[in-house]
Amino acid sequence: MGPTRAQFVQYAPAALAVVPLAAGPWSALAAAAAGAGAWAVGVSAPVLRSLIACGLTTTGCGIAASEVLAAGMNPLIALGLAVPAGAAALAHHRNLTGHAPALVPAPTTKGAGTGLTSQEQVIAAFWAEFISGPTQTEDRKLIQPGANLEQLVLQVDGGHVAFTGIITLPPGQQVRVREGDIASVYRVPISQIELGDPKHYAPNALPVTVQLTAPAAQTQIAAGAPTTPQELWAAYVAVPEGAMPGTSLTVTRYDGPLDWEGTATRDRRAIGTVNLQDLAGNLDLETIQIALAPGDKPSQMGIRVMREHALMHGTMLSSVADELSMDSRGYVRAGTYVDGRPALLPLAQPGSGARHLYLVGGSRSGKSGLLEQILLSAHRSNIAVILASPQAGTIAGASLSAYLGDGLAEAMGALRLAYAMLLDREDRYRSPAFPFTDPLVLVVIDEAHMLLSASSPYHDEAKAIVEQLTRRSLKRGIGVVLATQTPLAEDLGNSTVIRSQLLIGGGAVFLRCAKGQGSLVGANAVEGAEGIDLSRIPSQWPGQYAKVADRDMSGLATEVAAAPEDGTFGLGYLLTPGSQAVQFRSLHLDVPPVSLAGGKRPVGIEDCDAWRERDAIARTPMVDKRGKNLVGSLADLLAVAEGAPSSQEPAAHHIPAGPHAVTGPARPGGAPAASEGQELIKPRILELLREHSIPMTAETIARKLETSAKHVKPRLSELKKQNKVTNENGLWRAA
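Note that the coordinates shown come from a computational prediction; the quantities given were computed from them, not determined experimentally.

> Explanation requested: unusual backbone geometry in the structure shown.
Note: most peptide bonds trans; most residues except glycine with negative phi. Of note, the phi angle at Arg 187 is positive, near 55°, even though the residue is not glycine. Following the sequence through the fold, Arg 187 ends up in the loop between α7 (179–186) and β3 (193–195). Phi is positive for Asn 382, which is not a glycine, with a value near 60°. In this fold, Asn 382 is placed in the loop between α10 (367–380) and β14 (384–389).

Below you can see the structure in the form of structure tokens.
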């Protein structure tokens, strides 16, 4: 097996040092061959120069030694001529072992056939020599064989030289190269090496950035103008008219004017609430670039300024699946705070009951994804769910609910059932020492503005029920999760009771809203979230517009999944009682939440009068025509439900015939006979259930088929006997 490249370059000068004694002028040919060989194997320029100098020295010594021997002079003189050649070989060896890559800008000409500049070839050669291989010397092991440096890009800015690339391994292997390894190869401080976070990239592909020269120091602005974060803070933030008067800033990490962290301190006085909008204005930054982190002391507040947002890469739902179940304090994982800590939501309070949640988010903000995540957490925490979804079919995890009101009228029915459950539990839980053995219940109201706003046909009734639920339900183990598109008072039916009870009884999540609809000041002010304008949360991360402009015309990739970097879905603020709103991002749904439910049936509600009469209760209005006098007891409610006609079952002559309906001979009074026409409803029911993936109540099926529920229910029973449909807690689906 021939010598390696390193062995050739290292030992060739030693051989040249001995050549003059035997070969004489032929040493010139040996030196030329050594130089050509070194050039062929691609050694760096300094090593090549050292090798050529060594060859020239030995060549001269060889010629002189040959003439001494030819003239018959003393052979000791010829032997002495080998000393300079040996010294040249020793100098070359020192140059070889102590050499580091050149840190000066390289010529821009590309290497022939490589696509790399000469400087990039030096960088790649050192990477292959010490890190990846393909060969390794006898006295030195490679750091990780096969860890190739791909997509190498050299960046030269004046005296600043850096390169970027991607460490790539075959699928199934994991990158083990560390910052310290790269720093030792390129002889730079470890602080000048930056590796990508492995949890955000594939295990076998990790980006790397190496600063071959230290970044230039930040230029200082002359004439005494504030330049450092501390000076800017003192000049604009700590002044009486600033966002945090009387505070001082201690910087704990500084990587440039747009990337630093620090702690604001006020001497023995509480900082209080901070207007984030004012703080961004003081520092001349966008609101999204600043994050606040309240500390344990009221006199301190953590500050973070970001060039690239810390939550851009997101946290995968599948990676924290074990944190979705409720812990002993009643919290579940909802996402990640900007400082990397888990963002937790309370669903229950041990020894006290349930908790509320107020969720605000406009279109494409990630609100539906967070609701699906909450449904999964409730399912895994043995919490039953009553889901009111005025927009039918918008919640993918609806199958995890014990009762689903899918559609505007059905969602109102779900609210009525929730209120009936409250009355039922109040009737049964007479003593505070009552053993709480029934499951916790979450009443999830999506798009609540469709029920509560003044334009809703159910405005008065829905407002009265939700006010009572938010006021009285926590001690009975019933929590309310209310989601709207804006924080405007109109979305809550102009009810200050609902908003205050939601915030007092749990927490709030604020996601991006439409322009002009996301301000949390004035009439929409929320304590702890002062100065936040949700419409200022961008829909895209900085730089994404340029990526979109780089068009790919290869056709639609139907299997491509959205990445966290593709948008700011789930980015917003989390507010828990008694704290400041903190920037966070909900979990990225890399897998459908319902797929993590384990195929288990939805958590059921206890067998009680309200649950047994749920269908009648869902159809019974609970207020008078003026929206007053809400039914106040379970007995009155059941009496009203038993005697009231069904508001969702119109008379026979008002039932429109569906496109496939065929009516049979009429009975006396004009009612169609229950023959062929009703029999043809069954295939339509099956077609509907198979077309939609979510389960439906009999009333929902009747509404979609434009017929009466009393005609649908017998057909569903017949289909169930034929094992063509299944029924779980009143929800029908195709078998």
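> I would appreciate a short explanation of helix α8 (residues 229–237) in the present structure.
Given 3.6 residues per helical turn, the α-helix brings residues three or four places apart onto the same face. Those residues of α8 that fall on the buried side of the exposure criterion are Pro 229, Trp 233 and Val 237. All buried residues of α8 lie within an arc of 40° about the axis, which places them on one face of the element. Those residues of α8 hidden inside the fold are in contact with β5 (247–254), β6 (260–266), α9 (276–283) and β8 (300–305).

> Even after reading the chapter, I still don't get the side chain of Glu 120, so can you show me in this structure?
By the secondary structure assignment, Glu 120 is in helix α6 (residues 118–132). In this structure Glu 120 comes out as buried when scored by relative accessible area, which is 7%. Here Leu 154 takes part through its backbone nitrogen, which lies 3.2 Å from a polar atom of the side chain of Glu 120.

> How should I be thinking about the sheet that holds strand β20 (residues 582–586) in this particular structure?
Spatially, β10-β9-β20-β19-β18-β13-β17-β16-β14-β15 is the arrangement adopted by the 10 strands of the open sheet, whose pairing is mixed. In the strand order of this sheet, the two ends are held by β10 (342–346) and β15 (403–406), each with one partner. Shown here is a sheet whose adjacent strand axes are inclined to one another by a mean of 25°, direction ignored. Bridge count between strand β9 (residues 331–337) and β20: three bridges; the pairing is antiparallel. Directly across from Tyr 337, in β20, lies its bridge partner Phe 584. The sheet contacts of helix α11 (residues 408–428) involve β14, β15, β16 (441–445) and β17 (478–484), and relative to β14 the element is tilted by about 145°.

> What is the right way to read the packing of aromatic side chains from this model?
Each aromatic ring pair is described using two quantities: the centre-to-centre distance and the angle formed by the ring planes. On inspection of all chains with the given rule, the structure shows four aromatic pairs. Taking the centre distance of 6.4 Å and the plane angle of 80° together, the rings of Tyr 403 and Trp 611 count as edge-to-face. Of this pair, Tyr 403 sits in strand β15 while Trp 611 sits in helix α16 (residues 609–612), placing them 208 residues apart in sequence. As far as the burial class goes, Tyr 403 and Trp 611 line up, both buried. Of note, Arg 614 hangs over the ring of Trp 611, and the distance from its end group to the ring centre comes to 4.2 Å.

> What is the right way to look at the sheet that holds strand β1 (residues 148–157) in this model?
In any sheet, the strands associate via hydrogen bonds between backbone groups, in a parallel or an antiparallel arrangement. The sheet built from four strands is open, its strands ordered β1-β2-β4-β3 with antiparallel pairing. In the strand order of this sheet, the two ends are held by β1 and β3, each with one partner. Each neighbouring strand pair of the sheet contributes to a mean axis angle of 15°, computed without reference to strand direction. Two strands pair when backbone bridges link them, and β3 and strand β4 (residues 205–211) are joined in this way by three bridges, in the antiparallel orientation. If you follow Leu 195 over to β4, its bridge partner there is Val 208. Sheet contacts for α6: β1 and β2 (160–168); angle to β1, the most-contacted strand, approximately 140°.

> Quick question: what am I supposed to make of the packing of α6 against α7 here?
The description of two packed helices rests on the angle between their axes and on the distance between the axes. Look at α6 against α7: their axes get within 10 Å of each other, and the N-to-C directions meet at 120°. Comparing their axes, α7 and α6 come out oblique. The interaxial crossing formed by α6 with α7 has right-handed handedness. From α6, Ile 123, Phe 126, Trp 127, Phe 130 and Ile 131 reach across to α7, where they touch Ile 182, Val 185 and Tyr 186. The class makeup of the residues in the contact of α6 with α7 is eight nonpolar, no polar and no charged.

> Sorry, what's going on with the pairing of β9 here?
Side-chain direction in a regular strand flips from residue to residue, so the side chains alternate between the two faces of the sheet. A large share of β9 lies buried, amounting to six of its seven residues. Counting the residues that bridge the hairpin from β9 to β10 gives four residues, and of these Gly 340 lies at a positive phi of roughly 95°.

> How do you make sense of α9 when you look at a structure like this?
When α9 is considered as a whole, its buried residues turn out to be Leu 276, Leu 279, Ala 280 and Leu 283. Viewed along the axis of α9, the buried residues span an arc of 100°, placing them on a single side of the element. Packed against the buried residues of α9 are α8, β7 (290–294) and β19 (571–575). Just past α9, the residue Asp 284 takes up positive phi, approximately 60°.

So, how was this worked out
- Residues numbered from 1 in each chain as written.
- Predicted model: local features only at pLDDT ≥ 70, side-chain atom pairs only at ≥ 80, totals over all residues.
- Heavy atoms only, no water.
- Helix = DSSP H or I, 4+ residues; strand = E, 2+ residues; numbered from the N terminus.
- Buried < 20%, exposed > 50% of the residue type's maximum accessible area, 1.4 Å probe, protein only.
- Arc of directions from axis to C-beta.
- Contact = heavy atoms within 4.5 Å.
- Polar contact = N/O pair within 3.5 Å; in protein donor to acceptor, adjacent residues only side chain to side chain.
- Pairing = 2+ DSSP bridges.
- Axes fitted to C-alpha atoms, helices over the stretch in contact; angles between N-to-C directions.
- Phe/Tyr/Trp six-rings, centres within 6.5 Å; stacked < 30°, edge-to-face > 60°.
- Lys NZ or Arg CZ within 6 Å of the ring centre and 35° of its normal.
- Parallel < 35°, antiparallel > 145°, perpendicular 65-115°, else oblique.
- Left-handed = near helix turned anticlockwise from the far one by under 90°.
- Nonpolar A, V, L, I, M, F, W, Y, C, P; charged D, E, K, R; others polar.

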